[in-house]
Amino acid sequence: MMKIALAQINTTVGDLQGNADKIIRYAQEARRIHGADLAVFPELAICGYPPEDLLFRESFVDKCRQQLQRIAEACADIVVLTGFPRRDGYTLYNSAALLLQGKVEQVYDKRILPNYGVFDEKRYFHTGSGNCKFEIAGHWLGIVVCEDIWVSGPAADAVKAGANLILNINASPFHVGKTGERRAAVQARCRENSVPVV
């Protein structure tokens with residue numbers, strides 16, 4: 001048996017400490033009150049979405065990483081999945097971090113970057129590659145971020161790597177009819193891969 005808490009929190013762009021405090025509070029509550037094994041937070045939850053040109057400031061990205069570590073240390077008794085901007089040298093990624101036992105255990109970099117409508121992610125981020133899967137209570141969970149679920153590749157690759165459940169974190173905006181569009185996209189991934197999507 002595995003219990004997953006979905007923390008659909010509202011974050012504030014640029015309020016790194018406030019967003020991290022909220023993540024810590026909700027993760028601890030998920031464990032203490034609801035007995036959750038895993039708490040899942042939105043895409044780029046630490047910095048808020050969309051951070052836009054704040055991402056060009058190295059100090060901003062560094063402080064996001066510091067808050068990520070603070071969250072990991074404060075939530076050592078529950079597995080946490082949350083979004084953050086990750087820098088590797090001069091390359092920036094829209095990433096999901098798996099926090100386990102007080103440290104950053106794994107990182108997944110978003111593979112499909114939207115660049116239409118309100119989205120301008122190719123201006124800021126590089127395309128990720130590879131998969132990320134981890135085990136909780138005998139279940140192998142794969143991670144994808146937002147736009148990754150709208151196409152077949154990332155979820156299918158996670159399943160081929162051994163995932164039997166897909167976690168999709170996102171922070172995309174709503175418009176009239178968006179709920180139905182999202183449901184159809186997620187149902188398509190479930191049918192293609194014969195796995196559930198959270």
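Going by the structure above, here's the rest.
Residues numbered from 1 in each chain as written. Predicted model: local features only at pLDDT ≥ 70, side-chain atom pairs only at ≥ 80, totals over all residues. Heavy atoms only, no water.

A. Region of the structure containing the pattern of salt bridges. Counted under the stated rule, the structure contains 10 salt bridges. One salt bridge connects aspartate 109 with arginine 86, and the closest N-O pair in it is separated by 2.6 Å. Here aspartate 109 is found in strand 5 (residues 103-109), whereas its partner arginine 86 is found in strand 3 (residues 79-88), with 23 residues between them in sequence. With respect to class, aspartate 109 is no different from arginine 86; both count as buried. (Salt bridge = Lys/Arg side-chain N within 4 Å of Asp/Glu carboxyl O. Helix = DSSP H or I, 4+ residues; strand = E, 2+ residues; numbered from the N terminus. Buried < 20%, exposed > 50% of the residue type's maximum accessible area, 1.4 Å probe, protein only.)

B. Seen up close, the packing of aromatic side chains. Inspection of the entire model under this criterion finds 2 aromatic pairs. On the basis of an interplanar angle of 45 degrees and a centroid distance of 5.3 Å, the ring pair of phenylalanine 56 and tyrosine 124 is categorised as tilted. Of this pair, phenylalanine 56 sits in the loop between strand 2 (38-40) and helix 2 (58-74) while tyrosine 124 sits in the loop between strand 5 and strand 6 (133-136), and the two are 68 residues apart along the sequence. Given the relative accessible area of 13%, tyrosine 124 is considered buried. Positioned above the aromatic ring of tryptophan 140 is the side chain of lysine 133, whose terminal nitrogen or guanidinium carbon lies 4.4 Å from the ring centre. (Phe/Tyr/Trp six-rings, centres within 6.5 Å; stacked < 30°, edge-to-face > 60°. Lys NZ or Arg CZ within 6 Å of the ring centre and 35° of its normal.)

C. Structural detail: the sheet that holds strand 2. Spatially, the 5 strands line up as an open sheet ordered 1-2-3-4-5, and their pairing is mixed. Every interior strand has two partners, whereas the edge strands, strand 1 (4-6) and strand 5, have only one. Neighbour-to-neighbour, the strand axes of this sheet turn through a mean angle of 35 degrees, independent of strand direction. With 3 bridges connecting them, strand 2 and strand 3 associate as parallel partners. Of the residues in strand 3, the one forming a bridge with alanine 39 is valine 80. (Pairing = 2+ DSSP bridges. Axes fitted to C-alpha atoms, helices over the stretch in contact; angles between N-to-C directions.)

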